[in-house]
Amino acid sequence: MLDIRLIREDAPAVKARLATRSGQYADLIDLILACDARRRESETRVQHLRAEKNRLSKEIGGIKKSGGDSSELEAQVKGFSEEMEDLGRTASELDAEQRDLLLRVPNLPAPGLPEGHDADANVAIRHWGEPAPMNPEDHVAIGERLGLFDLERAAKISGSGYVLYTGAGARLERALINFLLDLQTRAHGYTEIAPPVLVRRECMEGTGQLPKFEDDMYGFDEGAAFLTPTAEVSLTNIHRDEILQESELPLKYTACTPCFRREAGSAGRETRGMIRMHQFDKVELVKICTPEQSEAELESLTGDAEKVLQLLQLPYRVLELCTGDIGFSSSRTYDLEVWAPGQGGYLEVSSCSQFGDYQARRMNLRYKNNEGKNVFCHTLNGSGTALPRLYVALLETHTKPGGPLILPEPLHPYFGASQIG
RNA sequence: GGUGAGGUGGCUGAGUGGUCGAAAGCAGCGCUUUGCUAAAGCGCCGUACUCCAAAAGGGUACCGAGGGUUCGAAUCCCUCCCUCACCGCCA
């Protein structure tokens, strides 16, 4: 959520920055400004009225104490209350309306981002490894040949967009999860969390999935609860409505959870195999820090995710997303794209973002700084990494046509063997 | 699901209709004294919104949430949420 003061004080600058995103927000800002003006006006009137009422009520208390007759004053105050009811209702309605409008404004892109309205303007800032030549056997064929998973039976159980890992394939998924969590906790210092995957509506608003993207989520009880689309939601909301101590920052959390997405409107796009799923596992990294720390923390977070691909010997590239391609709540994002020889292209396996105080403001997450002031925290997150696409890249990179899957060395102890098939 | 007890400021905890935004203690900040740490004394110390051109200074709201009673509610009533205890059920 943007600071209403910032919008009030410099609406043209806010509009100009939002204009670099995809989507139109200028009208929304105007609505907010109008609402803010009306809200403050009616708030001020209620407050004056209430002040007068409080004053008279105290007077009545004094009169009663000294045994006098206060019935005239009482009648007068009673008249006040009725008048106030309407005004008060208007004020609180406007307040709710303003919050609702503010929740629909995305974060401002950080200064210095490449500008552009779609993915074409993203900038590749580094490459790692040598992309293998096209593999004629893609992960679906490899998985079938080696008996690692069964997409058809998954569809029979749950529909398209689900996977049923089988035998060694299931063990490989579990080995990957353990490898990833151990890496992020032991080598990179994240605290492992096993959170609930059903979250309240407020949490989804806190991180920014709601109110705008409700159609993409699996909701329950008329929108009171949702299956998490990412562990970002539960992890970032751990300290919602809290005031942390500056000395305990940065906080670093990781969790592996299933993620649930409707993927509405994605039918036909990248739907073969396990590239786009309604349910998938993902190891998520979340940091809560001070504004001063957040720049460096984004770089190290991205490095923590990259380490996964390096250890698994999977060539990848890092993209800096342009203003039009960053997510709703993000102010800056690096995408990690792993090379998938069976696809002949790159797959996004991690998205590392900095949110500034945008999410913290939504979830009222603050820390007490060394001067004793309460300040909104900065939040960051990134995948470390998504499992199915990592799995795809692993299969397509480390399998020769008709041959076994040769596992990279770091997975051997986790899987209990060095190859499959 | 049932019964009972609770939810007060960063924390602990008093307060059952009227100068209560809320005693006291702890933590924090400042000063003084002695000193290596430490200790003692004194003072300050919630948040949000809003008014004023700004500062100074006002005002309003907030004692789990929402409603109600009343001239006036942390305090009385109702509903809901959460926590704890016991019972039931259950992986």
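Residues numbered from 1 in each chain as written. Chains lettered and ligands numbered in written order. Predicted model: local features only at pLDDT ≥ 70, side-chain atom pairs only at ≥ 80, totals over all residues. Heavy atoms only, no water.

1. Description of the overall build of chain A
Part 1 of the reasoning: Along its length, chain A carries 13 helices and 16 strands.
Part 2 of the reasoning: Taking all 421 residues of chain A together, 51% fall into the buried category.
Part 3 of the reasoning: Put simply, 74% of the contacts in chain A that link residues at least 6 apart link residues at least 24 apart.
Part 4 of the reasoning: Each charge class in chain A can be summarised by its mean position, and for the 48 positive and 64 negative side chains these summaries are 2 Å apart. (Helix = DSSP H or I, 4+ residues; strand = E, 2+ residues; numbered from the N terminus. Buried < 20%, exposed > 50% of the residue type's maximum accessible area, 1.4 Å probe, protein only. Contact = heavy atoms within 4.5 Å. Lys, Arg positive; Asp, Glu negative; His and termini not counted. Charge placed at Lys NZ, Arg CZ, Asp CG, Glu CD.)

2. Some points on the layout of surface pockets
The method is simple in principle: a probe with the dimensions of a water molecule rolls over the atoms, and the space it marks as empty is what remains.
Part 1 of the reasoning: Estimates place the volume of the second largest pocket at around 320 Å³.
Part 2 of the reasoning: Met-1, Leu-2, Asp-3, Ile-4, Arg-5, Arg-8, Arg-39, Asp-95, Gln-98, Arg-99, Leu-102 and Arg-361 are the residues that line the second largest pocket.
Part 3 of the reasoning: Within the residue set of the lining of the second largest pocket, elements represented by two or more residues are helix 1 (4–9) and helix 4 (71–102).
Part 4 of the reasoning: If you tally residues by element for the lining of the second largest pocket, the top one is helix 4, at 4 residues.
Part 5 of the reasoning: Taken together, the residues of the lining of the second largest pocket break down into 4 nonpolar, 1 polar and 7 charged. (1 Å grid on protein atoms, 1.4 Å probe; cavity = no way out; pocket = protein on both sides within 12 Å on 5 of 7 lines; lining within 4 Å. Points joined across faces, edges and corners; volume = space filled by probe spheres on them. Nonpolar A, V, L, I, M, F, W, Y, C, P; charged D, E, K, R; others polar.)

3. What to know about the side chain of Thr-302
Part 1 of the reasoning: With respect to the helices, strands and loops of the structure, Thr-302 is situated in helix 10 (residues 291–311).
Part 2 of the reasoning: At a separation of 2.8 Å, a polar atom in the side chain of Thr-302 contacts the main-chain carbonyl oxygen of Leu-298.
Part 3 of the reasoning: Apart from the residues lying within four places of it in its own chain, the contact partners of Thr-302 are Arg-126, Tyr-334, Leu-336 and Cys-352. (Polar contact = N/O pair within 3.5 Å; in protein donor to acceptor, adjacent residues only side chain to side chain.)

4. Let's talk about the sheet that holds strand 11 (residues 345–354)
Part 1 of the reasoning: Pairing in this open sheet of 8 strands is mixed, and the strands run 1-9-10-11-14-8-7-2 from one edge to the other. Only two strands of the sheet have a single neighbouring strand rather than two, namely strand 1 (123–128) and strand 2 (191–192).
Part 2 of the reasoning: Two strands pair when backbone bridges link them, and strand 1 and strand 9 (residues 316–320) are joined in this way by 5 bridges, in the antiparallel orientation. The residue bridging Trp-128 from the neighbouring strand is Tyr-316, located in strand 9.
Part 3 of the reasoning: Across the sheet, helix 10 touches strand 1, strand 8 (279–289), strand 9, strand 10 (332–340), strand 11 and strand 14 (378–386), and the angle it forms with strand 14 is around 5°. (Pairing = 2+ DSSP bridges. Axes fitted to C-alpha atoms, helices over the stretch in contact; angles between N-to-C directions.)

5. Looking at the sheet that holds strand 13 (residues 374–376)
Part 1 of the reasoning: The strand order across the open sheet built from 3 strands is 6-12-13, with neighbouring strands paired in mixed fashion. In this open sheet, the two edge strands, each paired with only one partner strand, are strand 6 (243–245) and strand 13. Within this sheet the neighbouring strands show an average axis-to-axis angle of 40°, counted without direction.
Part 2 of the reasoning: Taken together, the 3 bridges between strand 12 (residues 366–368) and strand 13 define a ladder with antiparallel strand orientation. Residue pairing in the sheet places Arg-366 in a bridge with Phe-376 of strand 13.

6. Details of the nonpolar core
Part 1 of the reasoning: Formed by 52 residues in total, the largest nonpolar core has its most connected members in Leu-172, Leu-176, Leu-309, Leu-312 and Tyr-391.
Part 2 of the reasoning: With 8 residues, the top contributor of residues to this core is helix 7 (residues 168–187).
Part 3 of the reasoning: When near neighbours in sequence (up to four residues on either side) are disregarded, Tyr-391 contacts Leu-148, Phe-149, Tyr-165, Gly-169, Leu-172, Glu-173, Leu-176 and Met-274. (Core = buried A, V, L, I, M, F, W, Y, C linked by side-chain atoms within 4.5 Å.)

7. Structural notes on the packing of aromatic side chains
Part 1 of the reasoning: One pass over the full model with this rule turns up 8 aromatic pairs.
Part 2 of the reasoning: Between the aromatic rings of Trp-128 and Tyr-316, the centroid separation amounts to 5.7 Å while the plane-to-plane angle is 15°, which identifies the pairing as stacked. Here Trp-128, found in strand 1, pairs with Tyr-316, found in strand 9; they are 188 residues apart in sequence, far enough to count as distant.
Part 3 of the reasoning: Residue class for Tyr-316 comes out buried when judged on its relative accessible area of 2%.
Part 4 of the reasoning: Consider the rings of Phe-328 and Tyr-358, whose centres lie 6.3 Å apart with planes at 80°: the pair is edge-to-face. (Phe/Tyr/Trp six-rings, centres within 6.5 Å; stacked < 30°, edge-to-face > 60°.)

8. Some points on the pairing of strand 7 (residues 251–260)
It is a general feature of regular strands that their side chains alternate between the two faces of the sheet.
Part 1 of the reasoning: Here strand 7 lies mainly inside the structure; 7 of its 10 residues are buried.
Part 2 of the reasoning: With 2 bridges connecting them, strand 2 and strand 7 associate as parallel partners. Bridge pairing links Glu-192 to Thr-254 in strand 7.
Part 3 of the reasoning: Sheet analysis places strand 7 next to strand 8, joined by 10 bridges and oriented antiparallel. Bridge pairing links Tyr-253 to Val-286 in strand 8.

All quantities given are derived from atomic positions and should not be read as evidence of function.
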